[in-house]
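# Structure at a glance
Residues per chain, in single letters:
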Amino acid sequence: MITVFTADHRLHDSKVELFAGKLVPSFEKPERADVVADRIRAVGVGEIVPPRDFPLDVLARVHSRSYLEFLGTFWAQWTAAGYAHNGYPTCERTWWMGDRAPGCVEGQVSRHCHDFAAPLTSGTWRAARASANVALSAQEIVRKGARAAFGLCRPPGHHAYIDSCGGYCYLNNAAIAAQACLDDGAARVAILDVDFHHGNGTQAIFYRRSDVFYGSVHGHPDQCYPYFLGYADERGSGSGEGFNRNYPLRPGVDGRAWFAALEELLKEIRQYGPDELIVSLGVDAFEGDPISRFRLSSTDFSRLGECLGAQGYRTVFVFEGGYAVDALGTNVTNVLEGFEGRHS
Ligand code: Q9C
Ligand code: ZN
């Protein structure tokens, strides 16, 4: 399987993140993508190719022009205002506060960040743009005939909304790839999100649409980030009714419960009958993950790959979360090798 990857992801390096009220070394760090690329080379999963550049218009099929403009101009505005550290929101925008577009950079950050887990740095825009190019290039490889491809994206994407960043995510890579797939002629695309966290951004982007099915297995939002979306009764609305499916599971579950939920979700995807499958491939459901609370083993990730390979769809894998750096390479390659019916 071809992997798309670029070292440009390193341009985003927030160094610290806010965790339980403290600034701690970032869990979402450049090393994450580098160890996965190293492991792909060591195992010989397949060729690693660089992404090609896609125009801004392709991103604007999912994100608002004003949000893209904000991300693209943020660092220049931030430094012009005299700041040198990471950008964080200073005010929360909730619906009863109105929906104005502030002119000052502090106001814009508050307008476009929905939590405190997506610090904005000097290189965030360039890295996020490269990450979207990685997902789009992987999608293009599959569209041109490959059975599958892996977009080794960083920063991740599934918590990013149409016009806001959060949860380490700035551009929604899986959503951008799904939209590109439709624009290339597909009628229906399914996104399967196996990251430990619910992909609230992806769900929100497609909630009212029938051309993209979104399904996720994740930590119950009653106890797990992102808290406000991911409940089982969220099934889509309007013409999107029936095309959103959530399987929240309690913290602590192991492979048994997790695969039981996955099998149910795969049945629903089969009924939907997508032209292509996009997998939001987070591996933070791993038992050793430092910020997540499921108990999947490295062997379970091989099984996940086999399971997905058996579905028969053209498949684009898009990397999302996973923070147990020592096991990250193995867990990701186990999925990819399992998909191709190989065991490492
Ligand atoms: N104590 C992804 O895996 N931090 N994002 C939550 C809870 C944010 C995860 C802190 C986690 C974001 C792509
Ligand atoms: Zn996650």
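Data block above holds the structure.
So, here's what we can say about the structure. (Residues numbered from 1 in each chain as written. Chains lettered and ligands numbered in written order. Predicted model: local features only at pLDDT ≥ 70, side-chain atom pairs only at ≥ 80, totals over all residues. Heavy atoms only, no water.)

## Some thoughts on the coordination of the zinc ion (ligand 2)
Around the zinc ion (ligand 2), the protein contributes the donor atoms Asp195 (OD), Asp195 (OD), His197 (ND1) and Asp284 (OD), which lie 1.9 to 2.8 Å from the metal centre. When the donor residues of the zinc ion (ligand 2) are listed from N- to C-terminus, their spacing reads D-x1-H-x86-D. Of the two residues, Asp195 sits in the loop between strand 6 (189-193) and helix 7 (200-206) while Asp284 sits in the loop between strand 9 (276-281) and helix 9 (298-309), which places them 89 residues apart along the sequence. Here the two residues Asp195 and Asp284 agree in accessibility, since each one is buried. (Donors = N, O, S within 2.8 Å, 3.2 Å for Na, K, Ca; no water. Helix = DSSP H or I, 4+ residues; strand = E, 2+ residues; numbered from the N terminus. Buried < 20%, exposed > 50% of the residue type's maximum accessible area, 1.4 Å probe, protein only.)

## Examining the sheet that holds strand 6
The strand order across the open sheet built from 8 strands is 4-1-5-10-9-6-7-8, with neighbouring strands paired in parallel fashion. Two strands bound the open sheet, and with one partner strand each, they are strand 4 (48-49) and strand 8 (244-249). (Pairing = 2+ DSSP bridges.)

## Let's talk about helix 10 (residues 325-339)
Across its 15 residues, helix 10 extends 22 Å between first and last C-alpha, which sits within 8% of the 21 Å expected from 1.5 Å per residue. In terms of burial, helix 10 is a largely internal element, 13 of the 15 residues being buried. With its phi angle positive at about 75 degrees, Gly341 sits one or two positions after the end of helix 10. (Expected span 1.5 Å × (residues − 1).)

## Some words on the packing of aromatic side chains
All told, the structure shown has 16 aromatic pairs when counted by the stated rule. Centre to centre, the rings of Tyr227 and Phe228 are 6.4 Å apart; their planes meet at 75 degrees, and the pair counts as edge-to-face. The exposed category is assigned to Phe228, whose relative accessible area is 72%. Ring pairs connect the aromatic residues Phe70, Phe74, Trp75, Trp78 and Tyr83, which therefore count as one cluster. Residue placement shows Arg52 over the ring face of Phe54; its charged tip is 4.0 Å from the ring centre. Its guanidinium or amino end placed over the ring of Phe259, Arg303 lies 3.9 Å from that ring's centre, counting from NZ or CZ. (Phe/Tyr/Trp six-rings, centres within 6.5 Å; stacked < 30°, edge-to-face > 60°. Lys NZ or Arg CZ within 6 Å of the ring centre and 35° of its normal.)

## Things to note about the pairing of strand 7 (residues 212-219)
Of all 8 residues in strand 7, 8 are buried; the element is thus mostly enclosed. Pairing geometry for strand 6 and strand 7, over 5 bridges, is parallel. Note that in strand 7 the partner of Asp193 across the bridge is Ser216. Each parallel crossover has a hand, and the one from strand 6 via helix 7 to strand 7 is right-handed. Relative to strand 8, strand 7 runs parallel, the two sharing 6 bridges. Across the sheet, residue Gly219 finds its bridge partner in strand 8, namely Leu249. (Right-handed = clockwise from strand over helix to strand, strands pointing away.)

## Overview of helix 6 (residues 173-183)
Extensive coverage of helix 6 is indicated by the burial of 10 of its 11 residues. Taken together, the buried positions of helix 6 are occupied by Asn173, Ala174, Ala175, Ile176, Ala177, Ala178, Gln179, Ala180, Cys181 and Leu182. Looking one or two residues beyond helix 6, the residue adopting positive phi is Gly185, at roughly 120 degrees.

## Comments concerning the site of ligand 1
As a structural note, the neighbourhood of ligand 1 is formed by 13 residues, with His159, Gly167, His197, Asp284 and Tyr323 the closest of them. The contact in question runs from a nitrogen atom of ligand 1 to an N or O atom on the backbone of Gly167, over 3.1 Å. Side-chain polar atom of Tyr323 to an oxygen atom of ligand 1: 2.6 Å apart, as the coordinates give it. In isolation ligand 1 exposes 410 Å². Once the protein is present, 81% of that is buried. (Near = heavy atom within 4 Å. Polar contact = N/O pair within 3.5 Å; in protein donor to acceptor, adjacent residues only side chain to side chain. Areas by Shrake-Rupley, 256 points an atom, 1.4 Å probe, with all protein chains shown as cover.)

## Observations concerning the pattern of salt bridges
Under the defined criterion, the tally for this structure stands at 20 salt bridges. Sharing partners across several salt bridges, the network here consists of Arg93, Asp99, Arg111 and Asp163. (Salt bridge = Lys/Arg side-chain N within 4 Å of Asp/Glu carboxyl O.)

## Considerations on the packing of helix 9 against helix 10
Relative orientation of the contacting elements helix 9 and helix 10 amounts to 30 degrees, with a least axis distance of 6 Å. Judged by the inter-axis angle, helix 9 sits roughly parallel to helix 10. Considering the relative orientation of helix 9 and helix 10, their crossing is right-handed. Each of Ser298, Thr299, Phe301, Ser302, Leu304, Gly305, Glu306, Leu308 and Gly309 in helix 9 lies in contact with helix 10, whose residues at this interface are Thr330, Asn331, Asn334, Val335, Gly338 and Phe339. Of the residues in the contact of helix 9 with helix 10, the class split is 5 nonpolar, 9 polar and 1 charged. (Axes fitted to C-alpha atoms, helices over the stretch in contact; angles between N-to-C directions. Parallel < 35°, antiparallel > 145°, perpendicular 65-115°, else oblique. Left-handed = near helix turned anticlockwise from the far one by under 90°. Contact = heavy atoms within 4.5 Å. Nonpolar A, V, L, I, M, F, W, Y, C, P; charged D, E, K, R; others polar.)

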